[in-house]
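Chains, contacts and geometry: an overview
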Amino acid sequence: MALQVGLVGLPNVGKSTLFNAVSQAGADAANFPFCTIDPNVGVAGVPDPRLDRLSELARSAKTVPTAIEFVDIAGLVAGAAQGEGLGNQFLAHIREVDAVCNVVRCFEDDDVVHVSGAVDPARDVEVVTTELVLKDLETVEKRLERAARASKTGDRDVLRERDQITALRDHLATGAVARTFPGELAPALRRELMLLTAKPVLYAANVAEEDLPDGNEYVEVVRELAAAEGAEVVVVSAQVESELAELDGDERAEYLASLGLERSGLERLIERAYELLGLLTFFTAGPTESRAWTVPTGATAPRAAREIHSDFERGFIKAEVITFEDYDRLGTEAAARDAGRLRVEGKEYVVKDGDVIHFRFNV
């Protein structure tokens, strides 16, 4: 499963620069609003040193990381929910992503025009959040009209649904986001509404290089806002990420060390996104290839097998499992088997992060 994260924010906050860096998909980053006419989708491999180690041990001909998709969504402005700027079409694009990353400008630069005239993270976050809430409110009000008409039958289930939607409408009308709605909402209704503000969110505070790794006073404002809604903040420098994308190996490590960083902003962004969505990584390893796969936390062995091929799930017999730690320590699958560290698991086995799995199945 490919994790898809939508990059949102006001124009000129560094979204497209960050997108270019992490996906190397070549989107333009122009110094004016609405330069991103269509949503750009880029795929980046998820860095994982465990995969590199497995590939080395298994002497794999190919190493394939799991992937994360970044969607660069054109800059929103006040009034986007009513179609200002290029609002409506891009708000619709957000519905398709798994999580939202709100890129917030936390740097001063006279050469990069701010759409509102000055750097103000609190205002910027409020503008984006308000537009998403207004769009959700529009969606819920339309659905409430249908529920109100249907409730005239007196059906208990329909009445219950009407009351749930009414409570949700009242919640959004206060300016609150859907993910903080305390009331009950049927899973089917939640899926039907596809609310923008129900999606998990994290904030990327985009700073200048000199403000890495801890940020600045602007970042502190973002942290306070995020804490109020239980969201995470990742401090990144889109410009630094752009430069890192051009480096390999030792040069990259040296540049990170000079900035006081052990990992790039991309790696930290991916880690937070995984935590948000409750995902984990398992591996397959062999001479042909070593590969990382992503599944939801709590996935069973057959569900994990589906990621490789649907036939693996349908014909699942068993899973031969070695922890990454044991594989790393013992060196080969055969050595793990001889040491009794290879376990045979059935359909009820819940996959753990770092499992190295060989699936047995019937065709």
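Refer to the structure printed above.
Residues numbered from 1 in each chain as written. Predicted model: local features only at pLDDT ≥ 70, side-chain atom pairs only at ≥ 80, totals over all residues. Heavy atoms only, no water.

What to know about the overall build of the protein chain
Helix and strand counts for the protein chain come out as 14 helices and 12 strands. Over its C-alpha trace the protein chain gives a radius of gyration of 23 Å, about what one expects of a compact globule, namely 21 Å for 363 residues. Dimensions of the protein chain, computed from the C-alpha atoms along their principal axes, are close to 65 × 60 × 30 Å. Taken across its 363 residues, the protein chain has 48% of its residues classed as buried. Excluding contacts between residues fewer than 6 apart, the proportion of contacts in the protein chain whose partners are at least 24 apart in sequence is 69%. About 17,200 Å² of surface is accessible on the protein chain, with carbon and sulfur atoms providing 48% of the total. The distance from the centre of the 39 positive side-chain charges to the centre of the 63 negative ones in the protein chain is 11 Å. (Helix = DSSP H or I, 4+ residues; strand = E, 2+ residues; numbered from the N terminus. Rg over C-alpha atoms; globule rule 2.2 N^0.38 Å. Buried < 20%, exposed > 50% of the residue type's maximum accessible area, 1.4 Å probe, protein only. Contact = heavy atoms within 4.5 Å. Areas by Shrake-Rupley, 256 points an atom, 1.4 Å probe, with all protein chains shown as cover. Lys, Arg positive; Asp, Glu negative; His and termini not counted. Charge placed at Lys NZ, Arg CZ, Asp CG, Glu CD.)

Brief notes about the state of the cysteines
All chains considered together, the criterion is met by zero disulfides. Unpaired in this structure, cysteine 106 has its nearest cysteine sulfur neighbour in cysteine 101, at a distance of 12 Å. (Disulfide = S-S within 2.5 Å.)

Digging into empty space enclosed by the protein
In total, this model carries two cavities of 30 Å³ or more according to the counting rule given. By volume, the largest cavity amounts to about 100 Å³. If you go around the largest cavity, you meet 13 residues; those closest to its centre are Thr129, Leu132, Arg179, Val201 and Tyr203. Contributing elements (two or more residues each) for the lining of the largest cavity: strand S5 (99-105), helix H4 (121-150) and strand S6 (201-206). In terms of residue count, the dominant contributor to the lining of the largest cavity is H4 (three residues). Per-class residue counts for the lining of the largest cavity are eight nonpolar, three polar and two charged. (1 Å grid on protein atoms, 1.4 Å probe; cavity = no way out; pocket = protein on both sides within 12 Å on 5 of 7 lines; lining within 4 Å. Points joined across faces, edges and corners; volume = space filled by probe spheres on them. Nonpolar A, V, L, I, M, F, W, Y, C, P; charged D, E, K, R; others polar.)

Concerning the packing of H4 against helix H5 (residues 156-173)
For any two helices packed against each other, one specifies the crossing angle of their axes together with the interaxial distance. Viewed as axis vectors pointing N to C, H4 and H5 meet at an angle of 155°, and their least axial separation amounts to 9 Å. As the angle between them shows, H4 and H5 are arranged roughly antiparallel. The two elements H4 and H5 cross, and the hand of that crossing is left-handed. Contact residues: H4 offers Val133, Asp136, Leu137, Val140, Glu141, Arg143, Leu144, Ala147, Ala148 and Ala150, while H5 offers Val158, Glu161, Arg162, Ile165, Thr166, Leu168, Arg169, Leu172 and Ala173. (Axes fitted to C-alpha atoms, helices over the stretch in contact; angles between N-to-C directions. Parallel < 35°, antiparallel > 145°, perpendicular 65-115°, else oblique. Left-handed = near helix turned anticlockwise from the far one by under 90°.)

Examining a negative patch on the surface
Taken together, the side chains of Glu108, Asp109, Asp110, Asp111 and Glu217 make up a negatively charged region of the molecular surface. Of note, glutamate 108 is situated in the loop between S5 and H4. We classify glutamate 108 as exposed; its relative accessible area is 55%. (Patch = residues over 30% accessible without salt bridge, like charges linked within 9 Å, V, L, I, M, F, W, Y side chains within 5 Å. Salt bridge = Lys/Arg side-chain N within 4 Å of Asp/Glu carboxyl O.)

Remarks on unusual backbone geometry
With an omega of 5°, the peptide bond between leucine 212 and proline 213 qualifies as cis. With phi around 55°, arginine 59 is a residue other than glycine that occupies positive phi space. Looking at the element boundaries, arginine 59 is found in the loop between helix H2 (49-58) and strand S3 (62-64). On the basis of relative accessibility, which here comes to 75%, the residue arginine 59 falls in the exposed class. For methionine 194, which is not a glycine, the phi torsion comes out positive at approximately 50°.

A word on the packing of aromatic side chains
Under the criterion given, the structure shown has four aromatic pairs. Here phenylalanine 282 and tryptophan 293 contribute two aromatic rings whose centre-to-centre distance is 6.4 Å and whose plane-to-plane angle is 15°, an arrangement assigned as stacked. Taken as a pair, phenylalanine 282 in strand S8 (residues 279-284) and tryptophan 293 in strand S9 (residues 289-296) lie far apart in primary sequence, 11 residues in all. Of the two residues, phenylalanine 282 and tryptophan 293, both sit in the buried class. Measuring from centroid to centroid gives 6.4 Å for phenylalanine 316 and phenylalanine 359, while their planes differ by 65°, and the two rings are edge-to-face. Linking phenylalanine 316 in strand S10 (residues 316-323) with phenylalanine 359 in strand S12 (residues 355-361), this pair joins segments that are 43 residues apart in sequence. Residue class for phenylalanine 316 comes out buried when judged on its relative accessible area of 6%. Through a chain of ring-to-ring contacts, three or more aromatic side chains come together here, namely Phe282, Trp293, Phe316 and Phe359. (Phe/Tyr/Trp six-rings, centres within 6.5 Å; stacked < 30°, edge-to-face > 60°.)

A few points about the pattern of salt bridges
Under the defined criterion, the tally for this structure stands at 30 salt bridges. In this structure, glutamate 192 and arginine 146 form a salt bridge, with 3.4 Å as the shortest nitrogen-oxygen distance. Here glutamate 192 is found in helix H6 (residues 187-193), whereas its partner arginine 146 is found in helix H4, with 46 residues between them in sequence. Arginine 314 is paired through a salt bridge with aspartate 311; the nearest N and O atoms lie 2.2 Å apart. In this pair, arginine 314 and aspartate 311 both sit in helix H12 (residues 310-314), three residues apart, roughly one turn of the helix.

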